[in-house]
Amino acid sequence: MYSAVQPSGNLTIGNYTGSIRNWVAFQNDYDCYFAIANMHAITVRQEPAQLRSRTLELAAWYLACGLDADKCALYVQSQVPQHAELTWVLNSLTYVGEMQRMTQFKDKCARHADNINMGLMDYPVLMAADILLYLADYVPVGVDQKQHVEIARDIALRFNNRYSETFRIPEPLILKTGAKIMSLQDPSKKMSKSDENPNACVFLADDRDTVIRKFRRAVTDSDNRVVFSEEKQGISNLLGIYAAFAGVGIEEAEKTFAGVGYGEFKTAVGETVADVLAPIQAEQKRILADKDYLNGILKSGAERAYKAARKTLSKVYRKVGFFQGD
Ligand code: AQP
């Protein structure tokens, strides 16, 4: 199993429910590699000192959310050079047209019109390399990353057909609740850690009052019924968040709030989220203060990932005909 998050901003509750929370549930049953995707992060301009500090902060969140470094390899992507090396090989099997059609590429081009760089376009190929290096069967992600896992499957099949069976064909693992949390200010848009409006996102680091305030300000509608429906994007999003954090299904969430007014409902969602976040926040602070411990975990994670990645890359180099010495 492989997955990653970019250290491109403060983690949102979407990153948690769509991704990290699910990794924790799977770590006992799979051979897991979970990376901090700093090479992906620089496809958008990052301030170097901040990128470095966010890398450690993200590692501390991984552990605070419940990842166990004995059960999975936790590492920083740039410390395993095979990610870049395999990307180069896979680039030659990927067509420019298919990269230009990727939804995230088009979104990011619109959001960063002054910086439409090659890395942004090549992001899905680097992600394919990330996944294929570890021969992953499963990639737990939020809905927004499904298209990228699908292109990784296409690239893997293409390689296998051209050079013989090499890669496993990965599948995205997307859970029923929390797989696509929308912005609190514009529920037609995904909640993103790089959103310029801080009220649009609830960050894992937000304190209780901030969490509740953001939910109370969430955009809803002029109706006053707490029901899940396509026409009620704001309320449906809040119900989805509640379900993901309370560990219930959408129907049960609807029943809980039947006849309840919007104000009371929003406060209850905020309180439920804040209750889940409080112990994680305390744990993240504690872990982040212990830099030696964190460095040690990332060092051994990188060593473990390096070993697995080197094995796959050497096979790939042999298959494509790269000279590797005697
Ligand atoms: N709103 C979301 N709901 C559910 N899952 C989400 N994910 C992201 N946003 C939501 C999932 O989090 C994982 C890590 O994402 P990423 O950091 O690698 O990139 P991203 O998908 O581009 O996430 P952001 O928050 O939108 O980052 P920026 O703003 O930097 O682009 C993925 O599994 C993703 O599906």
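The structure under discussion appears in the preceding block.
This is a predicted model, so every value here is computed, not measured. (Residues numbered from 1 in each chain as written. Predicted model: local features only at pLDDT ≥ 70, side-chain atom pairs only at ≥ 80, totals over all residues. Heavy atoms only, no water.)

### Some thoughts on the site of the ligand
Rules: Being near a molecule or strand, for a residue, comes down to having at least one heavy atom within 4 Å of it. Two N or O atoms form a polar contact when they lie within 3.5 Å of each other; inside protein one atom must be a possible hydrogen donor and the other a possible acceptor, and for residues adjacent in sequence the pair counts only when both atoms belong to side chains. Working definition: helices are DSSP H or I runs of at least four residues, strands are E runs of at least two. Numbering for both runs from the N terminus. Ten residues, namely Ala, Val, Leu, Ile, Met, Phe, Trp, Tyr, Cys and Pro, are considered nonpolar, four, namely Asp, Glu, Lys and Arg, are considered charged, and the remaining ones, Gly among them, are considered polar.
Near the ligand lie 25 residues; those nearest to it are Asp144, Lys190, Ser192, Lys193 and Ser194. Between the ligand and Asn15 there is a distance of 3.2 Å, counted from an oxygen atom to a side-chain nitrogen or oxygen. In this structure, an oxygen atom belonging to the ligand sits 2.5 Å away from a side-chain N or O atom of Asp144. Within the residue set of the shell around the ligand, elements represented by two or more residues are β1 (2–5), α1 (13–26) and α6 (103–111). If one sorts the elements of the shell around the ligand by residue count, α1 sits on top with 4 residues. For the shell around the ligand, a count of residues per class yields 7 nonpolar, 12 polar and 6 charged.

### Examining the pattern of salt bridges
Keep this limit in mind: The term salt bridge refers to a pairing of a side-chain nitrogen on Lys or Arg with a carboxyl oxygen on Asp or Glu at a separation within 4 Å.
Taken as a whole and assessed by the stated rule, the structure comprises 15 salt bridges. Measuring nitrogen to oxygen at the nearest pair gives 2.8 Å for the salt bridge that ties Arg208 to Asp275. Of the two residues, Arg208 sits in helix α9 (residues 208–216) while Asp275 sits in helix α12 (residues 262–288), which places them 67 residues apart along the sequence. What you see here is one network of salt bridges that share partners, running through Asp221, Asp223, Arg225 and Lys232.

### Some remarks on the nonpolar core
To be explicit about the condition: By nonpolar core we mean a set of buried residues, namely Ala, Val, Leu, Ile, Met, Phe, Trp, Tyr and Cys, connected to one another through side-chain atoms within 4.5 Å. To sort residues, take the accessible area from a 1.4 Å probe on protein chains only and compare it with the maximum for the residue type: under 20% means buried, over 50% means exposed, and anything in between is partly exposed. Any two residues whose heavy atoms approach within 4.5 Å at even a single point are treated as in contact.
The biggest cluster of nonpolar side chains holds 61 residues, and the ones touching the most others in it are Ile13, Tyr62, Phe215, Ile241, Phe265 and Val273. Of all the secondary-structure elements, those providing two or more residues to this core are α1, β2 (32–36), α3 (48–64), β3 (72–76), α9, α10 (233–246), α12 and α13 (291–320). Looking at which element gives the most residues to this core, the answer is α12, with 10 residues. Once residues lying within four places of it in the same chain are set aside, the contact partners of Tyr62 are Ala4, Val5, Ile20, Trp23, Phe34, Ala35, Ile36, Leu67 and Leu74. Counting residues in each nonpolar core, the second largest holds 42 residues, with Val89, Tyr134, Ile155 and Val316 among its members.

### Some remarks on the packing of aromatic side chains
Two aromatic rings are characterised by how far apart their centres lie and by the angle between their planes. To be explicit about the condition: Pairing of aromatic side chains here covers Phe, Tyr and the six-membered ring of Trp, requires ring centres within 6.5 Å, and sorts the geometry by plane angle: under 30 degrees stacked, over 60 edge-to-face, intermediate tilted. Whether a charge lies above a ring is judged from NZ of Lys or CZ of Arg, which has to be within 6 Å of the ring centre and within 35 degrees of the ring normal.
Tallying each qualifying case throughout the model produces 13 aromatic pairs. Ring centres of Trp23 and Tyr62 lie 5.1 Å apart, and the angle between their planes is 75°; this geometry places the pair in the edge-to-face category. You can see Trp23 sitting in helix α1 and its partner Tyr62 sitting in helix α3, a full 39 residues away along the chain. Judged by its relative accessible area of 0%, Trp23 falls in the buried class. Ring centres of Tyr75 and Tyr134 lie 6.0 Å apart, and the angle between their planes is 55°; this geometry places the pair in the tilted category. Taken as a pair, Tyr75 in strand β3 and Tyr134 in the loop between α7 (118–133) and β4 (138–140) lie far apart in primary sequence, 59 residues in all. Like Tyr75, the residue Tyr134 is buried in the burial classification. Taken together, Tyr2, Tyr33, Tyr75 and Tyr134 form an aromatic cluster joined through their ring pairs. The lysine or arginine in question, Arg304, covers the ring of Tyr33, its NZ or CZ lying 5.7 Å from the ring centre.

### Observations regarding the environment of Phe257
Inspection of the secondary structure assignment puts Phe257 in the loop between α11 (250–256) and α12. Sequence separation of Phe257 and Ala268 is 11 residues, and the distance between their C-alpha atoms is 9.4 Å. Apart from residues no more than four positions distant in its own chain, Phe257 is found in contact with Val226, Leu239, Tyr242, Phe265 and Ala268.

### Looking at the pairing of β1
Put simply, the test is: For two strands to be treated as a pair, DSSP must find no fewer than two bridges joining them. Handedness is read with the strands pointing away from the viewer; a crossover is right-handed when the path from the first strand over the helix to the second is clockwise.
For β1 and β2, the ladder comprises 4 bridges, and the chain directions are parallel. Bridge assignment links Tyr2 to a residue of β2, and that residue is Tyr33. Each parallel crossover has a hand, and for β1 linked through α1 to β2 it is right-handed.

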